[in-house]
Amino acid sequence: MTGYGMLAYGAFVVVFLYAIGWVEGLVVPRTIDEGPAAPTAVAVLVDLALLSIFAVQHSVMARPWFKRRWTRLVPPPIERATYVLCATAALALVMWQWRPLPQQVWDVETPWLRVVLYVVSLGGFALVLTSTFAIDHFDLFGVRQVIRNQLGMPAATVEFLTPRLYRIVRHPLYAGFLIAFWVAPTMSVGGLMFAAVTTVYVLVAVQFEEHDLIGTFGDRYRIYRTQVPMLVPRRRRMSPVRELSRP
Ligand SMILES: C[S@@+](CC[C@H](N)C(=O)[O-])C[C@H]1O[C@@H](n2cnc3c(N)ncnc32)[C@H](O)[C@@H]1O
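Residues numbered from 1 in each chain as written. Predicted model: local features only at pLDDT ≥ 70, side-chain atom pairs only at ≥ 80, totals over all residues. Heavy atoms only, no water.

K.L.:
I'd like to hear about the UniProt feature "transmembrane region" (unreviewed entry) in the protein chain, residue by residue, with values.
P.N.:
Following the UniProt record, one finds the feature "transmembrane region" (unreviewed entry) at residues 7–28, 40–60, 81–99, 111–135 and 173–204. Secondary structure within residues 111–135 divides into 100% helix and 0% strand; the distance between the first and last C-alpha atoms comes to 37 Å. (UniProt positions renumbered as here; feature names shortened; annotations may be inferred. Helix = DSSP H or I, 4+ residues; strand = E, 2+ residues; numbered from the N terminus.)

What follows is the structure, encoded as structure tokens:
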């Protein structure tokens, strides 16, 4: 089981790194704006179907009711690794079968501004990675579960955590993806569709995830929801002294 967990994690790392290059249009041999040509309507339909497969896999397999049934077939220590493997396969399928829509929507020409936009966009991916470590990277990717099983330890209990990032917004990982997808020096029709659909998906996924988190943590999560914004940080309230000193 440990080998299976490691294989799933390794496959995820490779496909995710490729996905960064695919979205950014950097380094990898085929990006979001390259691939088999198709008439616009066909491309839109194929791409929407691919993103739907990804969304359904991601959301259904993460639900407690699905996990309860699924673990009658799949041993619990590899349930998360199997989720990661399926998510990786779904992401690879999106990139493999994506039909490009390369018409430009915007293209920033100022060299320094392009660099800034690339840095911010890659910073979004860095925020994704940092967020996974802020909660529990190896648990999220199913590695901890197989290692605990290998060591004969019982499954770890799920904890509610509010490390620093999670005190700024409730979903920094999703916020990171949105920054990575929307901030682009060059945006094609395909890239814009990808960003728009994933944004809608994030807004829906948050509802499912928070429903489950309330189910697990009850009032602790309800109170957290009232105190911390979902995706966009609140402007810091100025102290009364600063406010009074403003002209
Ligand atoms: C892909 S992660 C995304 C986490 C979060 N939605 C975000 O955008 O940063 C999804 C997993 O994180 C867990 N999760 C979300 N918020 C959490 C928190 N504050 N403490 C512990 N686990 C959390 C969810 O239960 C789910 O299993």
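K.L.:
Please set out the packing of aromatic side chains residue by residue, giving values where relevant.
P.N.:
Inspection of the entire model under this criterion finds 20 aromatic pairs. Measuring from centroid to centroid gives 6.4 Å for Phe-125 and Phe-177, while their planes differ by 90°, and the two rings are edge-to-face. Taken together, the residues span a long stretch of sequence, with Phe-125 in helix H5 (residues 111–135) and Phe-177 in helix H9 (residues 172–182) at a distance of 52 residues. Ring centres of Phe-181 and Phe-194 lie 4.9 Å apart, and the angle between their planes is 70°; this geometry places the pair in the edge-to-face category. Highlighted residues: Phe-181 in helix H9 and Phe-194 in helix H10 (residues 189–217), separated in sequence by 13 residues. Take Phe-181 and Phe-194: they sit in the same class, and that class is buried. Counting every residue linked through ring pairs, the aromatic cluster contains Tyr-9, Phe-12, Phe-16, Trp-22, Trp-98, Phe-125, Phe-133, Phe-138, Phe-141, Phe-177, Phe-181 and Phe-194. (Phe/Tyr/Trp six-rings, centres within 6.5 Å; stacked < 30°, edge-to-face > 60°. Buried < 20%, exposed > 50% of the residue type's maximum accessible area, 1.4 Å probe, protein only.)

K.L.:
Explain H5 residue by residue, including any values.
P.N.:
If you check H5, its first and last C-alpha atoms are 37 Å apart, about what 25 residues at 1.5 Å a residue would give, namely 36 Å. Within H5, the full set of buried residues consists of Leu-117, Ser-121, Gly-124, Phe-125, Val-128, Ser-131 and Thr-132. In the core, the buried residues of H5 are packed alongside helix H1 (2–24), helix H6 (137–140), helix H8 (165–168) and H9. (Expected span 1.5 Å × (residues − 1). Contact = heavy atoms within 4.5 Å.)

K.L.:
How would you explain the packing of H5 against H9 if you had to name every residue and give the values?
P.N.:
H9 packs onto H5 with a crossing angle of 165° between their chain directions and a minimal axis gap of 7 Å. On the basis of the axis angle, H5 is roughly antiparallel to H9. Judged by the twist between their axes, the crossing of H5 over H9 is left-handed. Taking contact as the criterion, the partners of Val-120, Ser-121, Gly-124, Phe-125, Leu-127, Val-128, Ser-131 and Thr-132 in H5 are, on H9, Pro-172, Leu-173, Ala-175, Gly-176, Phe-177, Ile-179, Ala-180 and Phe-181. Counted by class, the contact of H5 with H9 contains eleven nonpolar, five polar and no charged residues. (Axes fitted to C-alpha atoms, helices over the stretch in contact; angles between N-to-C directions. Parallel < 35°, antiparallel > 145°, perpendicular 65-115°, else oblique. Left-handed = near helix turned anticlockwise from the far one by under 90°. Nonpolar A, V, L, I, M, F, W, Y, C, P; charged D, E, K, R; others polar.)

K.L.:
Lay out the site of the ligand in plain terms, naming residues and giving numbers.
P.N.:
If you check the shell around the ligand, you find Ile-135, Leu-140, Glu-159, Phe-160, Leu-161, Tyr-166, His-171, Pro-172, Leu-173, Tyr-174, Glu-209 and Leu-213 and nothing else. His-171 has a polar side-chain atom sitting 2.7 Å from a nitrogen atom of the ligand. Within the contact set of the ligand, a nitrogen atom lies 2.5 Å away from a side-chain nitrogen or oxygen of Glu-209. Within the complex, the protein chains bury 83% of what would otherwise be the 560 Å² of accessible surface of the ligand. (Near = heavy atom within 4 Å. Polar contact = N/O pair within 3.5 Å; in protein donor to acceptor, adjacent residues only side chain to side chain. Areas by Shrake-Rupley, 256 points an atom, 1.4 Å probe, with all protein chains shown as cover.)

K.L.:
I'd like a rundown of the UniProt feature "domain: NnrU" (unreviewed entry) in the protein chain, residues and numbers included.
P.N.:
Annotation from UniProt places "domain: NnrU" (unreviewed entry) at residues 49–179. Between the C-alpha atoms that bound residues 49–179 there is a distance of 23 Å. The span itself is 67% helix and 3% strand.

K.L.:
If you had to explain the pattern of salt bridges to someone new, which residues and values would you point to?
P.N.:
Considering all chains together, one arrives at seven salt bridges under this definition. Notably, a salt bridge pairs Arg-63 with Asp-212, separated by 2.8 Å at the nearest N-O pair. Taken together, the positions of Arg-63 in the loop between helix H2 (40–61) and helix H3 (64–70) and Asp-212 in helix H10 put the pair 149 residues apart, joining distant regions of the chain. A salt bridge links Arg-144 to Asp-136; the shortest N-O distance between them is 3.4 Å. Residues joined in a network through salt bridges with shared partners are Asp-136, Asp-139 and Arg-144. (Salt bridge = Lys/Arg side-chain N within 4 Å of Asp/Glu carboxyl O.)

K.L.:
Please provide a residue-by-residue account of unusual backbone geometry, values included.
P.N.:
If you check the backbone angles, Val-27 has positive phi at about 70° while not being a glycine. Mapped onto the elements of the fold, Val-27 is located in the loop between H1 and H2.

K.L.:
Which residues make up the nonpolar core, and what values go with them?
P.N.:
Trp-22, Trp-98, Phe-125, Phe-181 and Phe-194 are the most contacted members of the largest nonpolar core, which has 45 residues in total. Looking at this core, the elements that each hand over two or more residues are H1, H2, helix H4 (79–97), H5, H9, H10 and helix H11 (219–227). For this core, the leading source of residues is H1, giving eight residues. (Core = buried A, V, L, I, M, F, W, Y, C linked by side-chain atoms within 4.5 Å.)

K.L.:
I'd like a rundown of the confidence of the model for the protein chain, residues and numbers included.
P.N.:
Here the protein chain shows a mean pLDDT of 94. Residues at 70 or above account for 96%. Low confidence marks residues 239–247, where pLDDT is under 50. Its contacts with residues over four positions away, or in another chain, come to two contacts. Reported for the predicted complex are a pTM of 0.93 and an ipTM of 0.98. (pLDDT = per-residue confidence, 0-100.)

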